[in-house]
Amino acid sequence: TPLDGFSIEQTGSYIEARTNEVFNDVSGAEVAKGTIMPNSPRAQLVTTLAYTRPIGGVMTQTSLINSYRSKSWADITHRTPIDDYSLLSFNFNVSWIELPWSPSVNLSVNNITNVQTIVTGFSPAPGGPEETFNDVVPSSSYVYSRPRSISMRMSVDF
């Protein structure tokens, strides 16, 4: 890289998870062959920008991580969509590599921008009390992304 100690890492996946036969789900609704499986986003990407630098007997590492997940469905009948989203995180680590037990301190900030997005949901069965006139079944509960969190960890090797 043009800057000693700087690195860029990109990982990703493409998922094509589909049913391979017709079946009925737990509510009795027929699920067609080839239906996209729940919680199966087509693409997931993680990009990491990192910088590692020794300063005397101390090793520092800083990283910025972006995690992306494309649109998916929370249920097999595709009543509860999960939109695509990105989460940004930051890590800073200091290690005293020349000291006994190599003590280190790590500061992490997860979900820096405090994105609140649905990561999964659960829908009532079709025909249940919550079904609406246009056959859209609202999700009875959602699971959201974790809010911004800041943590500090101190550790030693032994």
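Residues numbered from 1 in each chain as written. Predicted model: local features only at pLDDT ≥ 70, side-chain atom pairs only at ≥ 80, totals over all residues. Heavy atoms only, no water.

Novice: What is the right way to look at the overall build of the protein chain in this model?
Specialist: Counting its secondary structure elements, the protein chain contains 0 helices and 12 strands. Moving toward the C terminus, one meets the helices and strands of the protein chain in the order β-β-β-β-β-β-β-β-β-β-β-β. Expressed as a percentage of its 158 residues, the buried residues of the protein chain come to 25%. Sequence-distant contacts, at least 24 apart, represent 57% of the contacts inside the protein chain between residues at least 6 apart. Just so you have it, the protein chain exposes about 10200 Å², and 58% of that area is on carbon and sulfur atoms. (Helix = DSSP H or I, 4+ residues; strand = E, 2+ residues; numbered from the N terminus. Buried < 20%, exposed > 50% of the residue type's maximum accessible area, 1.4 Å probe, protein only. Contact = heavy atoms within 4.5 Å. Areas by Shrake-Rupley, 256 points an atom, 1.4 Å probe, with all protein chains shown as cover.)

Novice: Sorry if this is basic, but what is going on with the packing of aromatic side chains here?
Specialist: Describing an aromatic ring pair means giving the distance of the ring centres and the angle of the ring planes. Summed over all chains, the structure comprises 1 aromatic pair. Between the aromatic rings of W101 and F158, the centroid separation amounts to 6.4 Å while the plane-to-plane angle is 50 degrees, which identifies the pairing as tilted. Of this pair, W101 sits in the loop between strand 8 (85-96) and strand 9 (104-110) while F158 is found in the segment after strand 12 (149-155), placing the two residues 57 residues apart along the sequence. (Phe/Tyr/Trp six-rings, centres within 6.5 Å; stacked < 30°, edge-to-face > 60°.)

Novice: Whenever I open this one, the side chain of S95 confuses me. Can you help?
Specialist: Following the sequence through the fold, S95 ends up in strand 8. Judged by relative accessible area, which is 15%, S95 ranks as buried. Among the polar contacts made by the side chain of S95, one reaches the side chain of N93 at a distance of 3.1 Å. Every residue in contact with S95, bar those within four places of it in the chain, is listed here: G57, V58, M59, P103 and S104. (Polar contact = N/O pair within 3.5 Å; in protein donor to acceptor, adjacent residues only side chain to side chain.)

Novice: What is the right way to read the sheet that holds strand 8 from this model?
Specialist: The strands making up a sheet associate through backbone hydrogen bonding, with each pair oriented either parallel or antiparallel. In spatial order, the strands read 1-4-5-8-9-12; together these 6 strands make up an open sheet with antiparallel pairing. The strands lining the two open edges of the sheet, one partner per strand, are strand 1 (6-14) and strand 12. Neighbour-to-neighbour, the strand axes of this sheet turn through a mean angle of 15 degrees, independent of strand direction. One ladder, built from 9 bridges, connects strand 1 with strand 4 (residues 43-55); its direction is antiparallel. Within the sheet, the bridge partner assigned to T11 lies in strand 4 and is V46. (Pairing = 2+ DSSP bridges. Axes fitted to C-alpha atoms, helices over the stretch in contact; angles between N-to-C directions.)

Novice: I'm lost on a nonpolar patch on the surface in this one. Help?
Specialist: Where nonpolar side chains cluster on the molecular surface, the patch consists of I8, L49 and L64 and spans about 250 Å² of accessible area. Since its relative accessible area comes to 57%, I8 is described here as exposed. (Patch = residues over 30% accessible without salt bridge, like charges linked within 9 Å, V, L, I, M, F, W, Y side chains within 5 Å. Salt bridge = Lys/Arg side-chain N within 4 Å of Asp/Glu carboxyl O.)

Novice: In this structure, what is going on with the side chain of S70? I would like to understand it.
Specialist: Secondary-structure assignment places S70 in the loop between strand 5 (58-69) and strand 6 (72-73). Among the residues examined, S70 registers a relative accessible area of 10% and is labelled buried. At a separation of 3.1 Å, a polar atom in the side chain of S70 contacts the main-chain amide nitrogen of R42. There is a polar contact of 2.9 Å between the side chain of S70 and the backbone nitrogen of A43.

Novice: For this particular structure, what's the right way to read the pattern of salt bridges?
Specialist: Side chains bearing opposite charge may pair, as long as their charged atoms lie close to each other. Taken as a whole and assessed by the stated rule, the structure comprises 3 salt bridges. The salt bridge partner of R42 is E16, with a shortest N-O separation of 3.6 Å. In this pair, R42 is assigned in the loop between strand 3 (30-31) and strand 4 and E16 in the loop between strand 1 and strand 2 (23-24), connecting sequence segments 26 residues apart. Judged by its relative accessible area of 41%, E16 is partly exposed. Through salt bridges that share partners, E16, R18 and R42 make up one connected network.

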